[in-house]
Amino acid sequence: MDAAEALTLLMSPQGRIDPYPTYEQLRAHGPVVQAMPGLYVVTGYPEVDELLRDPRLGVLDDERRDQVWPNWRASPAVSSIARSMLRTNPPDHSRMRRLASGAFSPRRVAGMRDVVHAQAVELLDAMVARASDGEPVDVLADFAYPLPVGVICALLGVPAADRPMFRRWAGDMTGVLEPEITPEELAVADAGAAELRDYFVQLVVDRRRAPADDLTTALVQVHDADGDRLTGVELLANLVLLLVAGFETTTNLLGNGLVVLLGHPEAAAALRADPDLAPAYVEELLRFDSPVQLTTRVSTAPVRCGGVDLPTGSTALLLLGAANRDPRRFADPQRFDPTRDQVHPLSFGAGPHYCLGAGLARLEAQLAFPMLLRRLPELALAGTPRHRTRLTLRGYESLPVTLGTPAVVDQGTPAGVRPSTP
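Residues numbered from 1 in each chain as written. Predicted model: local features only at pLDDT ≥ 70, side-chain atom pairs only at ≥ 80, totals over all residues. Heavy atoms only, no water.

- Looking at an unreviewed UniProt entry, one finds the chain named Cytochrome P450, with Micromonospora luteifusca as its source organism.

### What to know about the nonpolar core
Part 1 of the argument: Phe143, Phe166 and Phe200 are the most contacted members of the largest nonpolar core, which totals 119 residues.
Part 2 of the argument: The greatest single-element share of this core, amounting to 15 residues, is contributed by helix α15 (residues 232-262).
Part 3 of the argument: With sequence-adjacent residues up to four places away left out, phenylalanine 143 is seen in contact with Ala120, Leu123, Leu124, Met127, Pro148, Ala368 and Leu372.
Part 4 of the argument: Counting residues in hydrophobic clusters, the runner-up holds 17 residues, among them Leu7, Leu39, Val41 and Ala322. (Core = buried A, V, L, I, M, F, W, Y, C linked by side-chain atoms within 4.5 Å. Buried < 20%, exposed > 50% of the residue type's maximum accessible area, 1.4 Å probe, protein only. Helix = DSSP H or I, 4+ residues; strand = E, 2+ residues; numbered from the N terminus. Contact = heavy atoms within 4.5 Å.)

### Observations regarding the environment of leucine 60
Part 1 of the argument: Mapped onto the secondary structure, leucine 60 falls in the loop between β3 (57-58) and α5 (62-68).
Part 2 of the argument: The partly exposed category is assigned to leucine 60, whose relative accessible area is 25%.
Part 3 of the argument: In the structure, leucine 60 is positioned 255 residues away from threonine 315 in sequence and 9.0 Å away in space, judged by C-alpha atoms.
Part 4 of the argument: Residue contacts for leucine 60: discarding those within four places in its chain leaves Arg65, Val68, Arg87 and Val298.

### Here's the deal with the environment of leucine 381
Part 1 of the argument: Residue position: leucine 381 is located in strand β9 (residues 380-381).
Part 2 of the argument: A relative accessible area of 31% places leucine 381 in the partly exposed class.
Part 3 of the argument: Spatially, the C-alpha atom of leucine 381 lies 48 Å from that of proline 311, the residues being 70 residues apart in sequence.
Part 4 of the argument: Sequence-distant contacts of leucine 381, defined by excluding residues within four places in its chain, comprise Val259, Leu262, Leu399, Pro400 and Val401.

### Points about empty space enclosed by the protein
Part 1 of the argument: According to the stated counting rule, one finds one cavity of 30 Å³ or more in the structure shown.
Part 2 of the argument: Each pocket or cavity is described by its volume, and for the largest cavity that value is around 30 Å³.
Part 3 of the argument: If you trace the largest cavity, you find it lined by Val139, Phe143, Ala144, Leu254, Gly255, Leu258, Leu372 and Leu399.
Part 4 of the argument: Residue assignment for the lining of the largest cavity shows that the elements contributing at least two residues are α10 (139-144) and α15.
Part 5 of the argument: Across the lining of the largest cavity, the residue classes break down as seven nonpolar, one polar and no charged. (1 Å grid on protein atoms, 1.4 Å probe; cavity = no way out; pocket = protein on both sides within 12 Å on 5 of 7 lines; lining within 4 Å. Points joined across faces, edges and corners; volume = space filled by probe spheres on them. Nonpolar A, V, L, I, M, F, W, Y, C, P; charged D, E, K, R; others polar.)

### A word on the packing of aromatic side chains
Part 1 of the argument: One pass over the structure, following the stated rule, counts nine aromatic pairs.
Part 2 of the argument: Plain terms: the ring middles of tyrosine 20 and tyrosine 23 are 5.6 Å apart, the flat faces sit at 85° to each other, and that makes the pair edge-to-face. Taken as a pair, tyrosine 20 and tyrosine 23 lie in helix α3 (residues 20-27) at a separation of three residues, close to a single helical turn.
Part 3 of the argument: Owing to a relative accessible area of 0%, tyrosine 23 belongs among the buried residues under this scheme.
Part 4 of the argument: Relative to phenylalanine 336, the ring of phenylalanine 288 lies with its centre 5.8 Å away and its plane at 70°, an arrangement referred to as edge-to-face. Linking phenylalanine 288 in helix α17 (residues 278-288) with phenylalanine 336 in the loop between α18 (320-323) and α19 (358-375), this pair joins segments that are 48 residues apart in sequence. With respect to burial, phenylalanine 288 and phenylalanine 336 carry one shared label: buried.
Part 5 of the argument: Over the aromatic face of tyrosine 20 sits the side chain of arginine 325, whose NZ or CZ is 3.7 Å from the ring centroid.
Part 6 of the argument: Against the face of phenylalanine 288 rests arginine 325, its NZ or CZ located 4.4 Å from the ring centre. (Phe/Tyr/Trp six-rings, centres within 6.5 Å; stacked < 30°, edge-to-face > 60°. Lys NZ or Arg CZ within 6 Å of the ring centre and 35° of its normal.)

Laid out in structure tokens, this is it:
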């Protein structure tokens, strides 16, 4: 199978559901391979890491976007993403990222540990009560989705009563992040984006009238004080992005990771016995089945990488999921091994566009997995889970599980946190 054929397979429904065999087909052609004129596919860990950090590569700018998608400005989904920090280059990217970064500093994230723990306990209690008759429950709908959406909504100042609406809106909108999208899928994405944007327009009005201690208020005040620092369009685009990115990837991390743990009962038992192992487990889960599988960059100057020359204007398809299983970087990469040293997965990217909320996503997962395993020692899949036909954001449609008999455990202190002494 040549590189072009492998890439076609990767973009098919079959390839999207299980991309890992196709990654190996592409890897056989080298860590960087030209799949078609102007398009290079990158599967190697050092090569992906290098290109993510290289200032000669950036995200698609308006001029290039006009060439590949002439009507993109008429699409609420595409235009929202295009005007956010996710799809802008320096200096605009640096300016927007700096304004939001304070909410995700290591100190602020560490300070949210008790909040995340309390929300997780509440959700787990409710899920146990819902499954008291022994019937399966959907751990995605009951835990893996509401936990991160509750956390990011608390940061943004979204009222708790409004949170259930966001799963559909965000799920619809994120279709636009796929490398290929049909007109029908774009229409669905546009509808979700329009509803999200309308919601935040009203939230901005509310925060101007009644400021609060949240990120929305902070960004509104920056815009109102100096529109050159954050325009109105950028304000709305980044609020939409922060909400969508703030829980979609974490939901997939929790769902994907739980399936891996349930398929490796000895590893799950070790984490159940020692929650302080959670950070190492989360890094390996991120590597083994990344919630974000790919990103793209465009070269603004000639670049040589992996022995291949990328001319100016080339598009590099950076397969994060493949890089995380590069045998040159990880011994026996197809094996889940939470005892690995120096994992450093590329699941959250690298370089200037490194995921702003990576620390928060890690914290949520580090707390959630031990809690689920300790409270529910008989937790088991109820049938074969089914992946969404998405490649960029990899996750499950739903995740039915049986809980068994819950254990009585002390959940008063988050894993890894010792009660303070007077």
